[in-house]
Amino acid sequence: MDGFTLVVWGVRLLFLLLLYLFLARVIRVLLRDLRAAAREPAQRPGRLIVLESPAGEPAVGRSFGLDVITTLGRDVNNAIVIDDPFASAEHAVLTFRGRNWYLEDLESTNGSYVNGHPIDGVAALGYGDEVQIGQVRMRLERT
Amino acid sequence: MAAAPSLPRILGPIRPRARWQELRLLGLVAVALAMGSLSLGTTVTGRFGLYDARGLGIYLGALMVAHLAQVVAGRRTDQVLLPAVAMLGGISLLLMERLPQDLVVQRFFGSSYGLADVQLLWLVGAIGVATTLGIVVRSDSWLRRYKYTWAAAGVGLLLLTFVLGTEINGQRLTLEFGPISGQPSELLKVILVVFLAGYLSENRALLVEQDTRVGPFRLPPLPYLAPMVAMWAIALGIVVVQRDLGAALLFFGVFLALIYAATGRFSLVLIGLVLFLLGSAAMANLFEHVRTRIDVWLDPFADPLGAGYQVIQALHAFARGGLLGVGLGAGLPEVGGRPPIPEIHTDFPFAALGEELGIVGLIAILGIYLVIVQRGLRIGVAAADDFRSLLAIGLALVIGIQAFIIAAGNLKVLPLTGVTLPFISYGGSSLLANGLVTGLLLALSDRGVEPPPPPGAQSRWRGLGRRGAA
Amino acid sequence: MLGSDGSRRPLAGPTVHVAVVLSVAFALLAGAAGYWGVIRSADLAQSPDDAAVIAAARTVPRGRILDRAGTVLARNKADANGELYRVYAGPAISQVVGYASRQYGKAGLERAYDAELSGLAGDTLTDAFAKFGTNPYDPKDLTLSISYDLQKAAVSALGAHRGAIVMLDPRSGEVLALASTPTYDASKISNPATSQAAFAALQDDPAQPLLPRATLGRYVPGSVFKIVTAIAGLGSGAITPATTYKQQPGAERNGLLVSGYRVRDGHHPQTGSKPLDLVGATEVSCNIWYAQTGLRTGGADLVGYAERMGFGAALPFDLPTAASQVTGGTGAQPGGFVDDVELANASYGQAETFVTPLQMALVAATVANDGELMRPRLVTSMTSQRSGSRTIGPQSMGRVIPVSDAEAIKAAMVQAVEGPLGHLFTTGAKVVGITTAGKSGTAELGGSGEPHSWFIGFAPAENPTIAIAVLVEQAGRGGEVAAPIAGRLMTRYLKGAQ
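Residue numbers restart at each chain and count upward from 1, following the sequence in its written direction. The naming scheme follows written order: chains are lettered A onward, ligands numbered 1 onward. Totals for whole chains, interfaces and linings use all residues, but because this is a predicted model, local features are given only for residues with pLDDT of at least 70 and pairs of side-chain atoms are given and counted only at 80 or more.

## Let's talk about the overall build of chain C
Next up, step 1: A tally of regular secondary structure across chain C gives 21 helices and 17 strands.
Next up, step 2: A residue is called partly exposed when the number of other C-beta atoms within 10 Å of its own lies between 12 and 20, exposed at 12 or fewer, and buried at 20 or more, with C-beta atoms placed from the backbone. Of all 498 residues assigned to chain C, the portion counted as buried reaches 54%. Here a strand is any run of E in DSSP of at least two residues, a helix any run of H or I of at least four, and the numbering for each starts at the N terminus.

## Examining the pairing of strand E2 (residues 72-78) of chain C
Note on strand geometry: in a regular strand, side chains alternate between the two faces of the sheet.
Residue and element names in this part refer to chain C.
Next up, step 1: At least two bridges found by DSSP between two strands is the condition for calling them paired. Alignment of strand E1 (residues 65-66) against E2, held across 2 bridges, turns out to be antiparallel. Bridge pairing in E2 links Leu66 to Val72.
Next up, step 2: Linking E1 back to E2 in an antiparallel pair, the connection comprises 5 residues, with Gly70 at a positive phi of about 90 degrees.
Next up, step 3: Note that E2 and strand E3 (residues 84-88) share 5 bridges and pair antiparallel. Residue pairing in the sheet places Lys77 in a bridge with Tyr85 of E3.

## Here's the deal with the sheet that holds strand E6 (residues 141-144) of chain C
Within a beta sheet, neighbouring strands are joined by backbone hydrogen bonds and run either parallel or antiparallel to one another.
Residues and elements named next belong to chain C.
Next up, step 1: In space, the 6 strands of this open sheet follow the order E3-E2-E1-E6-E12-E13, with mixed pairing throughout. Only two strands of the sheet have a single neighbouring strand rather than two, namely E3 and strand E13 (388-391).
Next up, step 2: In terms of strand pairing, E6 meets strand E12 (residues 379-384) through 4 bridges, oriented antiparallel. Paired with Asp141 across the bridge in E12 is Thr383.

## Examining the interface of chain C and chain B
Next up, step 1: By definition, residues are in contact whenever their C-beta atoms, placed on the basis of the backbone, come within 7 Å of each other. Contacts between the two partners involve 36 residues from chain C, matched on the other side by 46 residues from chain B.
Next up, step 2: Going through the elements one at a time, helix H1 (9-39), helix H2 (41-45) and helix H3 (51-59) of chain C are the ones with two or more residues in the side of chain C that touches chain B.
Next up, step 3: With 21 residues, the single largest contributor to the side of chain C that touches chain B is H1 of chain C.
Next up, step 4: Under the grouping applied here, Gly and all other residues not named as nonpolar or charged are polar, the nonpolar ones being Ala, Val, Leu, Ile, Met, Phe, Trp, Tyr, Cys and Pro and the charged ones Asp, Glu, Lys and Arg. Of the residues assigned to the side of chain C that touches chain B, the class counts are 23 nonpolar, 8 polar and 5 charged.

## Topic: the nonpolar core
Next up, step 1: A set of buried residues drawn from Ala, Val, Leu, Ile, Met, Phe, Trp, Tyr and Cys, joined through C-beta atoms within 7 Å, is what defines a nonpolar core. With 172 residues, the main nonpolar core has Val254 and Leu258 of chain B as its most contacted residues.
Next up, step 2: Ranked by the residues each element gives to this core, the list is headed by helix H13 (residues 349-382) of chain B, at 21 residues.
Next up, step 3: Those residues in contact with Val254 of chain B that sit more than four places away from it in its chain are Leu192, Val193, Gly394, Leu397, Val398 and Ile401 of chain B.
Next up, step 4: Within the second largest apolar cluster, 136 residues are counted, among which are Ile146, Val263, Leu315 and Ile456 of chain C.

## Observations regarding unusual backbone geometry
Apart from glycine, the bulk of residues carry a negative phi angle, and the bulk of peptide bonds sit in the trans form.
Next up, step 1: A cis amide bond, omega 0 degrees, links Glu57 of chain A with the succeeding residue Pro58 of chain A.
Next up, step 2: Note that the residue after Thr181 of chain C, namely Pro182 of chain C, is joined by a cis bond; omega there is -5 degrees.

## Some remarks on helix H14 (residues 386-410) of chain B
Next up, step 1: Compared with an ideal rise of 1.5 Å per residue, which puts 25 residues at 36 Å, H14 of chain B spans 36 Å between its outermost C-alpha atoms and is within 8% of the ideal.
Next up, step 2: At the exit of H14 of chain B stands Lys412 of chain B, carrying a positive phi of roughly 65 degrees. Any helix carries an expected span of 1.5 Å times its number of residues minus one.

## Structural notes on the packing of helix H12 (residues 226-236) of chain C against helix H16 (residues 299-308) of chain C
Residues and elements named next belong to chain C.
Next up, step 1: Contact pair H12 / H16: the axes reach a minimum separation of 9 Å and the direction vectors enclose 110 degrees. With respect to H16, the axis of H12 lies roughly perpendicular. Contacts from Val228, Thr229, Ile231, Ala232, Gly235 and Ser236 in H12 reach Asp301, Leu302, Tyr305 and Ala306 in H16. Between the N-to-C directions of two axes lies an angle of 0 to 180 degrees, each axis being a line fitted to C-alpha atoms and, for a helix, fitted only over the stretch in contact. Orientation labels follow simple angle bins: below 35 degrees gives roughly parallel, above 145 gives roughly antiparallel, 65 to 115 gives roughly perpendicular, and whatever is left gives oblique.

## Brief notes about the sheet that holds strand E10 (residues 130-133) of chain A
Residues and elements named next belong to chain A.
Next up, step 1: If you walk across this open sheet you meet the 6 strands as E2-E1-E11-E10-E7-E8, and the pairing is antiparallel. What marks the edges here is a single partner per strand, and that holds for strand E2 (63-66) and strand E8 (117-118).
Next up, step 2: Of the pairings in the sheet, the one linking E10 to strand E11 (residues 136-141) comprises 4 bridges and is antiparallel in character. From the neighbouring strand, Ile133 faces E11, where its bridge partner is Val136.

## Description of helix H8 (residues 148-158) of chain C
Residue and element names in this part refer to chain C.
Next up, step 1: Here H8 lies mainly inside the structure; 8 of its 11 residues are buried.
Next up, step 2: Every buried residue of H8 is listed here: Tyr148, Leu150, Gln151, Ala153, Ala154, Val155, Ala157 and Leu158.
Next up, step 3: Gly159, located one to two residues past H8, shows a positive phi value of around 60 degrees.

## Let's talk about the environment of Leu216 of chain C
Residues and elements named next belong to chain C.
Next up, step 1: By the element assignment, Leu216 lies in helix H11 (residues 213-216).
Next up, step 2: Separated by 141 residues in the primary sequence, Leu216 and Pro357 place their C-alpha atoms 8.6 Å from one another.
Next up, step 3: Discounting residues that sit within four places of it in the chain, Leu216 has contacts with Leu211, Pro320, Thr321 and Ala322.

## Comments concerning the environment of Leu225 of chain B
Residues and elements named next belong to chain B.
Next up, step 1: Considering the arrangement of structural elements, one finds Leu225 in the loop between strand E7 (217-219) and helix H8 (226-242).
Next up, step 2: The class of Leu225 is partly exposed, set by 17 C-beta atoms lying within 10 Å.
Next up, step 3: Along the primary structure Leu225 and Leu207 are separated by 18 residues, whereas in three dimensions their C-alpha atoms are 8.8 Å apart.

## Details of the packing of H13 of chain B against H14 of chain B
Residues and elements named next belong to chain B.
Next up, step 1: Where H13 meets H14, the closest approach of the two axes is 8 Å, and the angle between their N-to-C directions is 165 degrees. One way to sum up the angle between H13 and H14 is to call them roughly antiparallel. Every pair of crossing elements has a handedness; the one defined by H13 and H14 is left-handed. On H14, the residues touching Phe350, Ala351, Tyr369, Ile372, Val373, Gly376, Leu377, Ile379, Gly380 and Val381 of H13 are Ser389, Leu390, Ala392, Ile393, Leu395, Ala396, Ile399, Gly400, Ala403, Ile406, Ala407 and Asn410.
Next up, step 2: Each residue belonging to the contact of H13 with H14 can be placed in one class, and the counts come to 17 nonpolar, 5 polar and no charged. The sense of a crossing depends on the near helix, which, turned anticlockwise from the far helix by less than a right angle, makes the crossing left-handed and, turned clockwise, makes it right-handed.

## Examining the environment of Leu168 of chain C
Residue and element names in this part refer to chain C.
Next up, step 1: Within the secondary structure, Leu168 is located in strand E7 (residues 163-168).
Next up, step 2: For Leu168, a count of 28 C-beta atoms within 10 Å gives the class buried.
Next up, step 3: Residues Leu168 and Leu358 lie 190 residues apart in sequence; the distance between their C-alpha atoms is 9.4 Å.
Next up, step 4: Filtering out sequence-adjacent residues up to four positions away, Leu168 remains in contact with Gly173, Glu174, Val175, Leu176, Ala361, Ala365, Pro376 and Ala467.

## Some points on the confidence of the model for chain C
Residues and elements named next belong to chain C.
Next up, step 1: Confidence of the predictor at the level of single residues is captured by pLDDT, which takes values from 0 to 100. In this model, chain C carries a mean pLDDT of 86, and residues with pLDDT of at least 70 account for 93%.
Next up, step 2: Confidence, expressed as mean pLDDT per element, reaches its minimum in chain C at helix H7 (residues 124-130) with 56 and its maximum at helix H18 (residues 357-368) with 96.
Next up, step 3: A low-confidence stretch, residues 1-9 stays under pLDDT 50, and its non-local contacts, those more than four residues away or across chains, total 13 contacts.
Next up, step 4: Two summary scores accompany this predicted model of the complex, namely pTM at 0.68 and ipTM at 0.88.

## Brief notes about the confidence of the model for chain B
All names here are of chain B.
Next up, step 1: Here chain B averages 82 in pLDDT, and 84% of its residues register 70 or above.
Next up, step 2: Averaged pLDDT values over the elements of chain B bottom out at 46 in helix H16 (residues 464-467) and peak at 95 in helix H3 (residues 81-98).
Next up, step 3: Counting interchain partners and residues more than four positions distant, the pLDDT-below-50 stretch residues 1-12 has 8 contacts.
Next up, step 4: Across residues 450-461, where pLDDT falls below 50, the model places 13 contacts with residues more than four positions away in sequence or in other chains.

Here you go:
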């Protein structure tokens, strides 16, 4: 048995091994995903971090835990009160439906923005997206 | 703050988003395929080197382009589907490279291309289709709204195939338009799922909640079973008219699985199975070609040089492969210059892989199919509404059930039928249709797609803030 | 998930069920792949119908077949076109080695060891590596336990008769001669120039020269089957070597009445009125003693002990074998006998009992080897340039009876050859100067045909090195035809070996 034959054999077994390595990696991703999904409903699904707030209310860096339905606006009865001159009393509502976030503008005077773009009615959000109400910018994050 | 310039809604704001998971997995795919190509090249040529570096390069390049396109598009679509499909496609490419190239010869612009070249073209096409759909499709209304139109188109396609189709091996499956030919049943399976998803999502509440009592059974309202009967009739029609047992089996299997997923009622599946068994029994009695298939399945060794030849040769291939296989390029002994199994590139790639990669390799390949199915089902369960759920579940099942039917046929677990092994069998129609399936699954996996119709009127939230939740 | 969106929740459950069903289906596929790829692997991949075997046959010189002394029994020769064909040592060996013909397929060892001869199979690990070498084929030379000299002597001893002779070493199961007559010239079949005419003539021959009678012929055994009855009787404890039946001497004259049927005897007026024991009954081949022994042993044990020696299924052998049977097995009595009459007749080999000569040689070998049966075998080693030499060692098929029982039967069989009455039934079986054991048989066929002539035996009785079974079709009494042939061949083997 010469060295070349051994090399061919090694390469061949390595190919099979790599197939399994790939499979293992993929399954690890799947399991992580499933575990995350199982965890999600038990906790609060997400939070909003204030990035920029010229009026100081809410303060920069503050974090709001989010419910399934979270209302935003200038009125004190909103879940998140945005005391900003450019915000309407009932400005927008953030909902969690299925496994997705949606920002719905409630026909506010100045509109709501996602990642700097005005939304037309409803927009889907992902973690890491930025929401702007009036002059207040906030980022949606996983808790 | 100035409003941003408004973009066309279909594209939305583009913000590149890294896809590290996909990139890592694709890297692994590239390494594995290079190793496979090395194994093949070293075995066949006797020198240490890749077998067809150009083909592999083109394929991996296409994958990289697909990845980068998705990164640039910035959608949060699934990151596992593309690598999994790419791995299967790569294995297909290796297999086609090692088969005799003259099994398929296509002429484009004066020069002729062999099996592997043509397959590479279709593979790149399929990845292109998948990626394009995954990036572009943001709305499902064009599928959702016109489901009956789609169904009609599907039936039309079926009839067209029957009337204008070209008969090959006693089966009327191929439709030819000038130089282009294709097998519509591959497209039909996607159309079927779209229609079923539309129908079931619309009538799900009725099917789940209302009962008609028939003897000891509690059945859904009978009129809503009409599509079930229609489906059954279509499946039988396919067997009779097109002589395509595989497609009929696939359609019916997907149909039953989907109806169960939608309603959770086992009684419906039971009825479907009874209808299926009755239909099969009748078919076996009435039609010679069905009976032959079943006889060959029960005992291929009864006619080892005639009807049973292919199946027996496939079993021999598995036997030669054993646990670890003989290695890429070292198996499939040629007798008289031909591979041992006729139609190896379309109907028996599973047997070929069984010989060269062994049972260990086969289990890995089956595992990759299961990953794709699991991913599709997951996308379905997480989707925002019933239509998308059922669409994703159905598309995933099409891949899974089709792979099962043909692999089982190769292994003599089921009668052999002529469906293709998704992403691996040679054939443009099959690859493009499965690319379409992958693309739709990718699009459906994006949680940021245009939201489903809001639960109520937009004004539903009005006053919520003022009333206060506390 | 949202409570208000309850209609989605139920989807998850059924979807999980669907996923589980599909996973189980895929597991089933893996199982099926395992079945074909592992359990049935050797069976399919090394069969002569396998594409790899066929492909190899066209390109690779087959391995040679040698006898135990190194005499070449099968080798390759190139025809005018440079294509290889097989040449064999002579017609005597054809029934063992068979032939390999491009037109007419393969037979014998050429078929059974096709994969090894063509270089496709052998040692698993070496073969696995061989696939990637420059030459993937590794043809193996087979060395047989056959002695070509003894084989030729056996074939010529049968002469113009149809029949079969099996000679083996009871200690190791090595088959030394496996003769069937009439035989044929395998070289004429393998040579492309003559194959068509030769094969057509052989197929039309009413004497069926292509049939290997030693392994595939099934014959009525007659009295040689009594040894099986003795093994079952002693082994099951139904009798002892001293067992006698007091009605036996009287029944010699009028026959023994079993369920209204008379078992007749009468070949031995010399024994008088004294009841016979095992040795005495075997010496004179007493049907009545053996019929009673069979009845006392019972059908279940008779069949059971026969099956321990290989009855009831194809023998584990290098060549295909026919299954020997004690009874047709259709009856409701224990063991499958129809009634006591069949059992009584079977006990001396005259009912629905059919045996192959190889099977009867194994019966003799069991007694010779003190009750332990060794697996019969032809191929003792395989040698190739690449994978070296691999020896196939002896293998036990298990102990059939205790040593003491074997000694008792051995004594009876010695008496049947050397005893004052016994040698009248087995004239010529004795190897001069060596204690010889044996049993003759005369298998009545009914009708007007001559009976089959049988002899089984072994020598030297004290420490047997050779066991033999001789069958001559329709040649008359066992003592007159088969016994002298066995004596001559054992003498040749034992004297030649000294």
